[in-house]
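A look at the structure
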Amino acid sequence: MKDSRITMANAFFMATRGGAQALHLKSGVIQEGFAADVQIVNMHPTLMPLTDADVFQRLMYQTEQQDIQEVLVAGQPVYEAK
């Protein structure tokens, strides 16, 4: 449909917090009492301060497999870089 595109931030929200809220699940946020799957990512250094939007875009578009340091599923570690 014409003009039906959404931003990466909107897509991420719908896949995490928004989706969980729509399904009445206690997940989608990093908060005590909520289920969480998390990746710990090594960010590349920058010369300038980054806004939250800049950090989000870098995580979405520039993270590579070797940047992932640890993965937790339901709060339990399932991967750790060597």
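Here we summarise the structure given alongside this text. Source: prediction; values computed, not measured.

1. Topic: the pairing of strand E2 (residues 68-73)
- Where strand E1 (residues 38-41) meets E2, 4 bridges bridge the pair, whose relative direction is antiparallel. Bridged to Val41 within E2 is Ile68.
- Note: E2 against strand E3 (residues 76-80), 4 bridges, orientation antiparallel. Paired with Leu72 across the two strands is Pro77, which belongs to E3.

2. Focus on the pattern of salt bridges
- Under the defined criterion, the tally for this structure stands at 1 salt bridge.
- A salt bridge links Lys2 to Asp3; the nearest nitrogen and oxygen atoms lie 3.6 Å apart. Considered together, Lys2 and Asp3 belong to a single accessibility category, that of exposed residues.

Thresholds, definitions, all that
- Residues numbered from 1 in each chain as written.
- Predicted model: local features only at pLDDT ≥ 70, side-chain atom pairs only at ≥ 80, totals over all residues.
- Heavy atoms only, no water.
- Pairing = 2+ DSSP bridges.
- Helix = DSSP H or I, 4+ residues; strand = E, 2+ residues; numbered from the N terminus.
- Salt bridge = Lys/Arg side-chain N within 4 Å of Asp/Glu carboxyl O.
- Buried < 20%, exposed > 50% of the residue type's maximum accessible area, 1.4 Å probe, protein only.

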